[in-house]
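# Tertiary structure, described
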Amino acid sequence: MSIIGKSPEERAAACWQPTSDALEQPTNDLGRGLLTGLPDGSINIGFEAVDRHVAQGHGDHTALIWLSKEGAQQTLSYGDLAAMSSRFANLLYDHGQQKGDRVFVAMGRRPELYAAALGTLKAGMVFTPLFAAFGPEPLRTRMEIGDANVLVTTKSLYKRKIASWRQEMTSLRLVLIVGDEAPDDCVALAPALQEASTEFLAAHTQTEDPALIHFTSGTTGRPKGAVHVHGAVQHHALSGRYALELQPGVTYWCTADPGWVTGTTYGIISPLVNRVTMIVDEAEFNLERWYGIVERERVEVWYSAPTAIRMMMRAGSEAARGYNFSALQFLASVGEPLNAEAVVWSNEVFGRPFHDNWWQTETGGIMIANTRAHDIKPGSMGKPLPGVVAGIVEPDNGGLRELPDGEIGELALRPGWPSMMRDYLHEQARYEKCFNDGWYLSGDLAMRDSDGYFWFVGRADDLIKTSGHLVGPFEVESALIEHEAVAEAAVIGIPDETAGEIVKAFVTLNSGQTADEELERDIRGLARKRLGAAVAPREIVFRNALPKTRSGKIMRRLLKARELGLPEGDISTLETDEK
Amino acid sequence: MNDSEIRQAFLEEIHKIAPDIEPADVSDDDHLQDDLELDSMDILNLVTALHARLGVSIPETDYAQIETPTKALKYFASRHGP
């Protein structure tokens, strides 16, 4: 597909000028230069995101415009957000929490979520967002792995997904319920915030002190809790500025939910650190609502995801006609590769193309991006940001060998950037497996072309990318075999034009069970209850046997190859075949 | 098709896509996403299924008009052929 070239004016307007002297500086200094810092070299994400702006005279500047589902609107200034988050930090200490404690949040996009995230960080405690649409199982598993001490949630979510097992979680000391009322063993957030002081001095956390835990799925075993430190804010600041054009005063809308890493890093931290005005929409995707928001709020920078963009495409250019998108300056996309057609389509409809970028929970921030100053090759993820060294590698005698341009291998990064994960909680061996021979291994297969642009090819493992969310087959299979009729399960991702991939399950049944439509629905219903709609399979098919290796491992790869009509590859380890 | 048949068809198709939702438990003003927790892929599948069953094509710009059983009933009643 033909290149989308940038005009000289467009290039000149970019925050990152690839030829500028700035590149001569070490990139940590470049990120640090966007921050204020605390005395004695301390650094605190919450302080950088709100308090310092107030201290520097920007307290009246609008930080957040919240749009409720019902159409109400609430505007919070940096001063308001500093006060609210200070109240939350004080509340945590007033209730006996201590520095380093783990605060989990599971709720929709409401102002309290932002105050909780920033207050936790200012308090020197560790913030973990959970996707509110998860079912009780994924919520519980993540809170157990993360040894959650505090949970902030809504009454409805608590009753439906948490109350039944709350007492079994001994680490959990405090449950805060949004609003004025709370069940007996919880604390109502609104009055507790009201009682707490608006004065709080951000904790003097060190660069390597834990700040965030983000969960991500693994192919085998339980989800992994990737730990990020306060020093990561250097890259949050820099990547927001260079990859997303976030500058003070810009109106910015990140459509990602803070329950996932994008919604926290680029939906809370990076934009506030860069002192933009954030739009936060409580509602889910709705075409007219979204176009209306972009027009009415005069959104200048819009960060969204391929699934949403493809839904806009499905509705056609006509649906976008009549809206005024003239305020838009820069559009970006993340979550899974954005197909070339969608890039070209957006350029036609919005007058500006979506710029795809690439990163992972583990990288903590954008690593490779199409930026404003660069021409776009539609379908490519772009080039590494300043300070990021990326390569394409393959195993070589226990080490790694870097491949020349044009060859497909695993996408790898040179470790050491500030937002790199520092640990997988309780899983040192799994953490160490991510690094080899001086590289961080991403698990993504990719190719670099002769112009230095990177192209995504596929996953090197069995992880599924559906609607931008990474789903681990093991977690889904574990839920499926909890159904009394199911003996074994194998879960794969199959291509879908809107979601990228959808989750499909193959199951075998216990004897005496009848494979019929009713049973299929019953199993799928249970999976949705346990896992939530985003993670549960959309389709379940029955098999008499699943393909397995001699050691009894189910060969998901083979099921997928057959499903897609691809070559079956090496099947020398196949012991029992699919029936 | 009368109103109750349309309502039944609507709820049955929801149940096929989200078997965790029992038609009997759905209130007329339950919001598909906020209350029943259907996600955007569920909505797309529902729209496709309703098109096949009721013969009514639902453009993306109309999705908000079927977000509760009450709204959906009104929407389909005005579009469904005799």
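It should be emphasised that the depicted structure is a prediction, and the values quoted were computed from it without experimental measurement. Along each chain, numbering runs from 1 in the same order as the chain's sequence is written. Going through the entries in the order they are written, you letter the chains from A and number the ligands from 1. Whole-chain, interface and lining totals are the exception, using all residues; otherwise, since this is a predicted model, local features are given only for residues with pLDDT of at least 70 and side-chain atom pairs are given and counted only at 80 or more.

## Here we look at the overall build of chain B
Helix and strand counts for chain B come out as 3 helices and 0 strands. The secondary structure listing takes helices from DSSP runs of H or I that are at least 4 residues long and strands from runs of E that are at least 2 residues long, numbered from the N terminus. Reading the secondary structure of chain B in the N-to-C direction produces α-α-α. Computed over C-alpha atoms, the radius of gyration of chain B comes to 11 Å, within 12% of the 12 Å expected from 2.2 N^0.38 for 82 residues, which places it in the range of a compact globule. In terms of principal-axis extent, the alpha carbons of chain B reach across some 30 × 25 × 20 Å. Classification of the 82 residues of chain B by burial places 40% in the buried group. Look at the contacts in chain B between residues 6 or more apart in sequence, and 58% of them connect residues 24 or more apart. When we talk radius of gyration, it's over C-alpha atoms, and the globule rule is simply 2.2 Å times the number of residues to the 0.38. Exposure criterion: with C-beta atoms placed from backbone coordinates, a residue whose C-beta has 20 or more other C-beta atoms within 10 Å is buried, one with 12 or fewer is exposed, and one in between is partly exposed. Residue pairs are scored as contacts if the distance between their C-beta atoms, which are placed from the backbone, is within 7 Å.

## Section: unusual backbone geometry
Backbone geometry places D40 of chain A, a non-glycine residue, at a positive phi of 50°. Structurally, D40 of chain A is set in the loop between helix 2 (27-32) and helix 3 (45-58).

## As for the packing of helix 12 (residues 306-315) of chain A against helix 14 (residues 340-350) of chain A
All names here are of chain A. Throughout, an axis means a line fitted to C-alpha atoms (over the contacting stretch in the case of helices), and angles, computed between N-to-C directions, take values from 0 to 180 degrees. The interhelical angle for the contact between helix 12 and helix 14, taken along N-to-C directions, is 60°, at an axis separation of 10 Å. Comparing the axis directions of helix 12 and helix 14 gives the class oblique. Note that helix 12 runs across helix 14; the crossing there is left-handed. Across from P306, I309, R310 and M313 in helix 12, the residues of helix 14 making contact are A342, W345 and S346. Any angle that falls under 35 degrees is termed roughly parallel, while one over 145 is termed roughly antiparallel, one within 65 to 115 roughly perpendicular, and all others oblique. Crossings are assigned a handedness: left-handed for a near helix turned anticlockwise from the far helix by less than a right angle, right-handed for a clockwise turn.

## Things to note about helix 1 (residues 3-17) of chain B
Residues and elements named next belong to chain B. With 15 residues, helix 1 should cover 21 Å at 1.5 Å per step; its first-to-last C-alpha distance of 22 Å lies within 8% of that length. When helix 1 is considered as a whole, its buried residues turn out to be I6, R7, F10, E13, I14 and I17. One side of helix 1 carries all its buried residues, which in axial view fall inside an arc of 130°. In helix 1, those exposed residues whose orientation departs by more than 90 degrees from the buried face are S4, E5 and E12. Against the buried residues of helix 1 lie helix 2 (40-54) and helix 3 (69-79). Helix span, expected: 1.5 Å multiplied by one less than the number of residues in the helix. Each C-beta atom gives one direction from the helix axis, and the arc is the one those directions make.

## Structural notes on the packing of helix 3 of chain A against helix 4 (residues 78-94) of chain A
All names here are of chain A. With their axes 9 Å apart at the nearest point, helix 3 and helix 4 run at an angle of 130° to one another. The angle between the axes of helix 3 and helix 4 places the two elements in the oblique class. The element helix 3 and its partner helix 4 pack so that their crossing is left-handed. Of the residues in helix 4, those in contact with G46, V50, D51, H53, V54 and H58 of helix 3 are Y78, G79, L81, A82 and S85. By residue class, the composition of the contact of helix 3 with helix 4 is 5 nonpolar, 5 polar and 1 charged. Note that Gly is not counted as nonpolar here; it falls among the polar residues with everything else outside the nonpolar set of Ala, Val, Leu, Ile, Met, Phe, Trp, Tyr, Cys and Pro and the charged set of Asp, Glu, Lys and Arg.

## Observations concerning the sheet that holds strand 13 (residues 330-333) of chain A
Residue and element names in this part refer to chain A. When DSSP locates at least two bridges between a pair of strands, those strands are taken to pair. Here we have 9 strands laid out as an open sheet, ordered 2-1-11-10-12-13-14-15-16, and mixed in their pairing. At either margin of the open sheet sits one strand with a lone partner, and together these are strand 2 (73-77) and strand 16 (383-384). With 4 bridges connecting them, strand 1 (residues 62-67) and strand 11 (residues 277-281) associate as parallel partners. Opposite I65, over in strand 11, you have I279 as the bridge partner. Contacts between helix 14 and the sheet are confined to strand 13 and strand 14 (354-358), with strand 14 contributing the most and set at about 145° to the helix.

## Things to note about the interface of chain B and chain A
Much of the literature gives interface size as the accessible area that the parts lose upon coming together. Facing the 18 residues of chain B at the interface are 25 residues of chain A. It is helix 2 of chain B that contributes the most residues to the side of chain B that touches chain A, 4 residues altogether.

## Remarks on the domain arrangement of chain A
Residue and element names in this part refer to chain A. Parsing chain A into structural domains produces domain 1 (8-445) and domain 2 (464-576). These domain boundaries are the output of an automatic or database domain assignment. For domain 1 and domain 2, the distance between their C-alpha centroids amounts to 31 Å. If you look at the interface, domain 1 gives 23 residues, while domain 2 gives 22 residues. Of all the secondary-structure elements, those providing two or more residues to the side of domain 1 that touches domain 2 are helix 6 (136-145) and helix 12. By residue number, the principal contributor to the side of domain 1 that touches domain 2 is helix 12, which donates 5 residues. Per-class residue counts for the side of domain 1 that touches domain 2 are 10 nonpolar, 9 polar and 4 charged.

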